[in-house]
Amino acid sequence: MTDRTVWITGGYQSDFARNLTKEGRGLPELFDEVVSGTVSASGIPVGDIDVIHVGNAFGQVYTGQGHLGAMPASVVPELWSIPASRHEGACASGSLAILAAMADLESGRYDCALVVGAELEKNVPGDDGARNMAGAAWIGEEGQDANFMWPYMFSRIAEEYDKRYGLNPQHLWQIAELNSRNARRNPLAQTRGWEHVPESFTADDTANPIVEGHLRKIDCGPLTDGGAGVVLVSDRYRRAHPELETTGLSAILGWGHRTVGLLLEDKLARSADDELMFPHVRQAISDAFGRAGIAGVDDLDVIETHDCFTTSEYMAIDHFGLTAPGESWKAIESGELEIDGRVAMNPSGGLLGGGHPVGATGIRMLLDCHRQIVAGAGDYQVDDARRAATLNIGGSTTTVVSFVVGSPVTTQPRRAD
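Described in the following lines is the structure provided in the data block. Only a predicted model underlies this, so the values are computations on that prediction, with no experimental measurement involved. Residue positions within a chain follow its written sequence, with the count starting from 1. At least 70 in pLDDT is required for a residue's local features to be given in this predicted model, at least 80 for side-chain atom pairs to be given and counted, and no such filter applies to totals for whole chains, interfaces and linings, which use all residues. Heavy atoms throughout the structure, all of them, feed into the side-chain values; hydrogens and water do not.

For the purposes of this entry, the term helix denotes a DSSP run of H or I that reaches at least four residues, the term strand denotes a run of E that reaches at least two, and both are numbered from the N terminus. Of regular secondary structure, the chain possesses 14 helices and 12 strands. For a compact globule the rule gives 2.2 Å times the number of residues to the power 0.38, and the radius of gyration it is set against comes from C-alpha atoms. For a compact globule of 417 residues, the expected C-alpha radius of gyration is about 22 Å, and the chain comes in at 20 Å, within 12% of that figure. Reported as C-alpha extents along the three principal axes, the dimensions of the chain are approximately 55 × 50 × 40 Å. Burial analysis of the chain (417 residues in total) assigns 60% to the buried set. As used throughout, the charge tally considers Lys and Arg to be positive and Asp and Glu to be negative, leaving His and the chain termini uncounted. A charged residue contributes its charge at one atom only: NZ of Lys, CZ of Arg, CG of Asp or CD of Glu. Taking the average location of the 33 positive side-chain charges in the chain and that of its 57 negative ones, the two points are 2 Å from each other. For every residue, the accessible area (1.4 Å probe, protein chains only) is compared with the maximum for its type, and the residue is labelled buried under 20%, exposed over 50%, or partly exposed between those bounds.

We call Phe, Tyr and Trp rings a pair once their centres come within 6.5 Å, taking the six-membered ring for Trp, and we label the pair stacked below 30 degrees between planes, edge-to-face above 60, and tilted otherwise. Tallying each qualifying case throughout the model produces 5 aromatic pairs. Between Trp150 and Phe154, the ring centres sit 6.2 Å apart and the planes meet at 50°, which makes this aromatic pair tilted. Of this pair, Trp150 and Phe154 are both found in helix α6 (residues 149–164), 4 residues apart, which corresponds to roughly one turn of the helix. For the residue pair Trp150 and Phe154, the accessibility class agrees, reading buried in each case. With a centroid separation of 5.3 Å and an interplanar angle of 45°, the aromatic rings of Tyr161 and Tyr165 are classed as tilted. Residue classification places Tyr161 among the buried positions, given a relative accessible area of 1%. Since its relative accessible area comes to 27%, Tyr165 is described here as partly exposed. These aromatic residues form a ring-pair network of at least three members: Trp150, Phe154 and Phe309. For a lysine, the NZ atom is tested; for an arginine, the CZ atom; a charge sits over a ring if that atom is within 6 Å of the ring centre and within 35 degrees of the ring normal. A cation over a ring is seen here: Arg291 above Trp255, with NZ or CZ 3.6 Å from the ring centre.

Moving on, we get to the environment of Glu78. Here Glu78 shows up in the loop between α3 (71–75) and β3 (84–87). Residue Glu78 is classed as exposed on the basis of its relative accessible area, which comes to 52%. Each C-alpha atom of the pair Glu78 and Gly47 lies 7.1 Å from the other, and the pair is 31 residues apart in sequence.

What follows is about the pattern of salt bridges. In the sections that follow, a salt bridge refers to a side-chain nitrogen of Lys or Arg positioned within 4 Å of a carboxyl oxygen of Asp or Glu. As enumerated under the stated definition, the model contains 24 salt bridges in all. A salt bridge links Asp128 to Arg131; the shortest N-O distance between them is 3.4 Å. Separated by 3 residues within a single helix, Asp128 and Arg131 lie in helix α5 (residues 126–132), roughly one turn from each other.

This paragraph deals with helix α7 (residues 169–183). When the terminal C-alpha atoms of α7 are compared, their 21 Å separation across 15 residues agrees well with the 21 Å that a helix rising 1.5 Å per residue should span. Taken together, the buried residues of α7 touch β6 (215–216), α11 (310–319), α12 (328–334), β10 (344–345) and α13 (350–354). N or O atoms closer than or at 3.5 Å make up a polar contact, with two conditions inside protein: a donor-capable atom paired with an acceptor-capable one, and, for residues adjacent in sequence, both atoms drawn from side chains. One side-chain oxygen of the residue at the start of α7 lies 2.9 Å from the amide nitrogen of Gln170, identifying that residue as Asn168. Expected helix span is taken as 1.5 Å per residue step, with the number of steps being one fewer than the number of residues. Any pair of residues with heavy atoms lying within 4.5 Å of one another is described as a contacting pair.

Below you can see the structure in the form of C-alpha cells.
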C-alpha cells in the first residue's frame, strides 16, 4: 500500500429484479435510493463527500433526461454544490466514473468521492431497448444487417472464435448455466427466481430460440433497471479516520484502461496474426495486474467479468490467462470457474444472471469484489477471498477497464490449492 492508495469503504446495489416503471418510479427515484443507500452503507458522513462521479450510458435515449451529474444533488439536498460529472463509455461507463474518482483522490484534489451508476432500461419494449443501445457501435458503418445490434456483434465474435480455434456452443451454454446457478445465491440478482428447463441450455429451438446468428436466448443478457454505488477515500482520509479500519475496507490495488476504435472488424483484422483475439483486452488486464504487483490470474480468488453475452465471458477466460488462447473451454469443462474452483468467475451471477443496468455495471462489479474481500457476499461468498478482479467492456471491447481489489492486510500470494 502507498500514500496514493484508494480505499473502498462500502456501497449499495438496488434489486436488479425490479421493474421501476411498473412501480411508478423513474431515474430520480432510482438515484435517490442508490445515493442514499451508498452513503449509508459506506459509514462516511454525507458532509465529507468532496466530489461525485456518475456513470450512465443511455439515460437520454431511454428517458430523455440528460445532465445526470446533477441528479444526486437534485434528490439528496445535502449534496447541493458538490462538484459532479457524468461519464459515458457504453457498458464501461461505471468503470470510467471510478477511474475519474480515483484520479481526483490520487492527485490530492479531493479525499472522499461518491461514485454512482444508474440505468433505466425496462421502461420500453424489449426490442426497442435493444435498439436503444445500438449507438455504442459505429452507426452506419457496422451492423446494418442486424435485427439486434449487440447479439449480432457478439455472434460475430463467436463466429471468429470458431474460425480461429473451434468453438462448441455447448460451452457457451455451460457459462449461462453456471451464471444462472450462481445468481440464485444472490438476493439482488435479476434472474434469481427465473425457472429454466434443461432444454434452455441446449439447441432446442423452443426452449432456447435463436436470437441472432450463432446466439440463442440463453446466450444474451437481459435488459435491467438498477443502480449501484461506492464511496472511495484517499489514504490521507483513511489515516485521519482510524475508525474505518473496523468497518471493512478494501483497497483498489491496480487498474488498467484501454480504448480502441469502434469497428469490430477493425479489431479482428488487427489481431489476425496475434495469439489472442483482442490483445488490447489482455493489455488492460496486464496493466491492472502490474499495478497491483501480482504475477497473474492465479494470484486472484475471484473475477467479476463482463458477460453481456456468453461469448464475452468465453473471451475473458483466455484473455485473463486461465487457459491458452482459444482454449477457454478447458476451464469451463474442468469446473475451475465454480465458486469453489481455481478462480471463481462471476459468483454474483454476473450480467447474464445478475443483470446489466449498463451505467451501473462497472460499479456493481467493483462493489461485489469489495464484498468478497471483506467477507460480505453472503451466500455467494468465496472462501478466504483476498484478491478479486473486474473486467468491464463497452461496445465490442472498444472501451476496456479492469480493476484488482484486495485486502489491506494481505500482501502474500494467494493460497496454493
